[in-house]
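Coordinate analysis (summary)
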Amino acid sequence: MNLGKEMSVILVILGVLLCKAQGAVHHHDFVLQEKNFTKLCSTKSILTVNGSFPGPTITAHKGDIVFVTVHNHGTYGVTIHWHGVRQPNDPWSDGPENITQCPIPPGTNFTQRINLAYEEGTLWWHAHSDWTRATVHGAIVIHPPHGSSYPFTEPYGQETLIIGEWYKGDVMTIIDDALATGGEPNTSDAFTINGQPGDLYACSNGTTHRFSVVQGKTYLLRIINAAMNEAHYFGITNHSLTVVGIDAAYVKPFTTPYLVITPGQTMDVLLQANQTPGLYYIVASSFQDGSSPYDNTTTTAILQYSGSSNASQHPPMAFPDFPEHNDSTAPFNFTNRLRGLGSESHPIEVPKTVNRMIYMTVAVNVLACNASTCDSTTKLAASLNNVSFQTPSIDILDAYYWNKTGVFTKDFPKEPPNYINFTDPDNNAFTTTGTRVIMLNYNDSVEVVWQGTNNSLNTAENHPMHLHGFSYYVVGQGWGVFNNKTDPESYNLVDPPEVNTVSLPMNGWLAMRFVANNPGVWFMHCHFERHSSWGMDTVLIVKDGKTNETRMLPPPKYMPPCSK
Ligand code: C2O
Ligand code: CU
């Protein structure tokens, strides 16, 4: 009797200890469903999660596991991706359509396991099927592990601000039409902050998002750029912002009047409510990349000090100062200010030497078009190392795991086919096509240098380059063509920032490093949705290591089926 009691006490203590070490387990249901929303004076039905736009926030602590059961009550297949979550050894829950899974058919569900073992800060989730992510996305807020705290003074309050992009038309139709005719997709009609366009758009000023603060307090803002095709300046009139984290990794704090935030990026920023109580604009204003058409409208929210009027009518308000809309030095200079925190509990583990070097051109191109729907003899395309990615009809992960042939080839080029002057506007705009993947050995130290390009289309841009399954260290960037002798001399191998998405400078280069210690199948692509649709993508396959801990997990019992 006595022994039994002691045993159960010991078991309870053991259980508590184990729980602590493993973090908490959360469960969410995501119901994909159509819902009507009225914006910009008109009503349309959009695909949502649980009927909200943006969708629900997942809140957890570092070290927790979150299970999400996605129930597809819509009319077409969709997948969901956990942007920036490493998903150690487990690509099965990562989500990109026909890369790690086939779409979840209408009327069925799929449970995904999100392992928050590595990240701390803000990430987000989004649909990863065609253009559905325009309306199907939400925040992932990851607090410090239980029992530890932020590497800065505990803020008085927190607010998540999601920049979105609103199209009056149906997004799936917009991209399907563009791909059929070979031209540019329509640009959006508005940007939104937490689903609201704000004061500068017709029929919108009654619903502008407001965030209330108390004078003298400090707030942690979690800013997510969930827009489809445009980078943004972000700022708050009369207030400066102190950046403390990016892509769920801490940086050395720096203070700036505005952020430059590109699609896919998340930034954690401290805001001191230190101005005269009143209303101040929170503004996200789009950045014009190159010469392609863009939505030049501006979305606003309101920072409202306690004690000031709630009335939706307010006197005209001032705007924060931003650089010119097409100032390509702005994203470059902003990236230059990012430095990894590098504290004892948040160390910087950048590889000092590399054994795999990949030099990769990033380009907007054309392909010959003879389809009857084409507007001309060519259609727009995009490529990495002159390969325009062709998405297979069944997923690459399944094909790799079960050794199915004919789905992809293992020969993505490690360098561009020709060493030309990549930024010359007279370059030929044609590309080749393929489903060619990069094979990496477990524990390879990898350096990728992305090279911006120009050609006769004059489409040089800043591309938000994103990698699944890893965060990577940004060790250098520069203008023009990368020089592999002199440029590495200026690399930052001391305190580079760790990110999952970064803006490749227009007509410049950016060098990043990571250790390939996450076995699996991982998508790499530009986070401008039109570029990804045109083929600015590839896949990294990291092979298994030799021990159980370094092998990819087996597939879960149920994966969405690949044929109808
Ligand atoms: Cu945010 Cu492949 O995605
Ligand atoms: Cu791009």
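Residues numbered from 1 in each chain as written. Chains lettered and ligands numbered in written order. Predicted model: local features only at pLDDT ≥ 70, side-chain atom pairs only at ≥ 80, totals over all residues. Heavy atoms only, no water.

From N to C terminus, the protein chain includes 5 helices and 32 strands. Relative to the compact-globule value of 24 Å for 564 residues, the protein chain shows a C-alpha radius of gyration of 23 Å, a close match. Here the protein chain holds 564 residues, and 58% of them are scored as buried. Contacts in the protein chain between residues far apart in sequence, at least 24 positions, make up 79% of those at least 6 positions apart. (Helix = DSSP H or I, 4+ residues; strand = E, 2+ residues; numbered from the N terminus. Rg over C-alpha atoms; globule rule 2.2 N^0.38 Å. Buried < 20%, exposed > 50% of the residue type's maximum accessible area, 1.4 Å probe, protein only. Contact = heavy atoms within 4.5 Å.)

Residues F234, W450 and F514 are the most contacted members of the largest nonpolar core, which totals 69 residues. When residues of this core are assigned to their parent elements, the largest contribution, 5 residues, is made by strand β20 (residues 356-368). Shared between two domains, this core holds at least three residues of each, these being domain 2 (151-341) and domain 3 (356-550). Every residue in contact with F234, bar those within four places of it in the chain, is listed here: L161, I163, I223, L241, Y258, L259, I261, I282, V283, A284 and F322. (Core = buried A, V, L, I, M, F, W, Y, C linked by side-chain atoms within 4.5 Å. Domains from an automatic or database assignment.)

It is worth spelling out the coordination of the copper ion (ligand 2) at this point. Surrounding the copper ion (ligand 2) are the protein donor atoms H463 (ND1), C526 (SG) and H531 (ND1), which sit 2.1 Å from the metal. Sequence spacing of the donor residues for the copper ion (ligand 2), all on one chain, is H-x62-C-x4-H. Neither C526 nor H531 differs from the other in exposure class; each is buried. (Donors = N, O, S within 2.8 Å, 3.2 Å for Na, K, Ca; no water.)

In space, the 4 strands of this open sheet follow the order β3-β8-β7-β5, with mixed pairing throughout. In this open sheet, the two edge strands, each paired with only one partner strand, are β3 (58-61) and β5 (80-83). Averaged over all pairs of adjacent strands, the angle between strand axes in this sheet comes to 20 degrees, irrespective of strand direction. Where β3 lies against strand β8 (residues 137-143), 4 bridges are found, and the strand directions are parallel. Within β8, the residue paired with H61 across the bridge is H143. (Pairing = 2+ DSSP bridges. Axes fitted to C-alpha atoms, helices over the stretch in contact; angles between N-to-C directions.)

Let us now look at the packing of aromatic side chains. Evaluated as defined, the whole model comprises 29 aromatic pairs. When the centroid spacing of 5.8 Å and the interplanar angle of 90 degrees are considered together, the rings of Y233 and Y258 count as edge-to-face. With Y233 in strand β13 (residues 232-236) and Y258 in the loop between β15 (249-256) and β16 (259-261), the pair connects residues that are 25 residues apart, well separated along the chain. By relative accessible area, Y233 is classed as buried at 0%. By the ring-pair criterion, three or more aromatic residues cluster together here, those being Y359, Y419, F422, F482 and W509. Positioned above the aromatic ring of W166, the side-chain terminus of K39 is 5.4 Å from the ring centre. We note R530 situated over the ring of F528; from NZ or CZ to the ring centre the distance is 5.5 Å. (Phe/Tyr/Trp six-rings, centres within 6.5 Å; stacked < 30°, edge-to-face > 60°. Lys NZ or Arg CZ within 6 Å of the ring centre and 35° of its normal.)

With that settled, the discussion passes to helix α2 (residues 171-181). The set of residues buried in α2 consists of V171, M172, I174, I175 and A178. For α2, the angular spread of the buried residues around the axis is 165 degrees, confining them to a single face. Summarising the contacts, the buried residues of α2 are in contact with α5 (529-534). Phi turns positive, to about 85 degrees, at G182, one or two residues after α2. (Arc of directions from axis to C-beta.)

Domain annotation for the protein chain reports domain 1 (1-148), domain 2 (151-341) and domain 3 (356-550). The gap between the C-alpha centroids of domain 1 and domain 2 is 24 Å. Facing the 27 residues of domain 1 at the interface are 39 residues of domain 2. For the pair domain 1 and domain 2, the summed buried surface comes to about 2,900 Å²; carbon and sulfur atoms form 69% of the total. Among the residues domain 1 hides against domain 2, the three largest losses belong to L40, T122 and W131. Together they make up 30% of the total. (Buried area = accessible area lost by both parts, 1.4 Å probe.)

For the structure shown, the criterion picks out 3 disulfides. Between the sulfur atoms of C41 and its disulfide partner C203 the distance amounts to 1.9 Å. Linking C41 and C203, the disulfide has an S-S dihedral of approximately 100 degrees and is accordingly described as right-handed. Of this pair, C41 sits in the loop between β1 (25-39) and β2 (42-49) while C203 sits in the loop between β10 (190-193) and β11 (210-213), placing them 162 residues apart in sequence. One disulfide in the model links C102 with C562; its S-S distance is 2.1 Å. Measuring the twist about the S-S bond at about 95 degrees, one finds the C102-C562 disulfide to be right-handed. (Disulfide = S-S within 2.5 Å.)

This part is about the confidence of the model for the protein chain. Interpreting fine coordinate detail is not advised for predicted regions of low pLDDT. Model confidence for the protein chain is summarised by a mean pLDDT of 95, while 96% of its residues fall at 70 or above. Every residue in residues 15-20 scores below 50 in pLDDT, and together they form 0 contacts with partners more than four places removed in sequence or on other chains. (pLDDT = per-residue confidence, 0-100.)

Before going further, it helps to examine a negative patch on the surface. On the surface, E34, D130, D170, D176 and D177 cluster together into a negatively charged patch. Given a relative accessible area of 44%, D130 falls into the partly exposed group. (Patch = residues over 30% accessible without salt bridge, like charges linked within 9 Å, V, L, I, M, F, W, Y side chains within 5 Å. Areas by Shrake-Rupley, 256 points an atom, 1.4 Å probe, with all protein chains shown as cover. Salt bridge = Lys/Arg side-chain N within 4 Å of Asp/Glu carboxyl O. Lys, Arg positive; Asp, Glu negative; His and termini not counted. Charge placed at Lys NZ, Arg CZ, Asp CG, Glu CD.)

On to the pattern of salt bridges. Taken as a whole and assessed by the stated rule, the structure comprises 12 salt bridges. Taking the shortest distance from any N to any O, the salt bridge between E529 and R133 comes out at 2.6 Å. Highlighted residues: E529 in helix α5 and R133 in the loop between β7 (121-127) and β8, separated in sequence by 396 residues. Judged by relative accessible area, which is 1%, R133 ranks as buried. D444 is the salt-bridge partner of R356, the closest N and O atoms lying 3.6 Å from each other.

Moving on, we come to the side chain of Q265. Along the chain, Q265 turns up in the loop between β16 and β17 (266-272). The exposure class assigned to Q265 is buried, which follows from its relative accessible area of 5%. A polar atom in the side chain of Q265 sits 2.9 Å from the backbone nitrogen of T262. There is a polar contact of 3.4 Å between the side chain of Q265 and the backbone oxygen of T501. Filtering out sequence-adjacent residues up to four positions away, Q265 remains in contact with I223, I224, N225, I246, D247, V260, T501 and V502. (Polar contact = N/O pair within 3.5 Å; in protein donor to acceptor, adjacent residues only side chain to side chain.)

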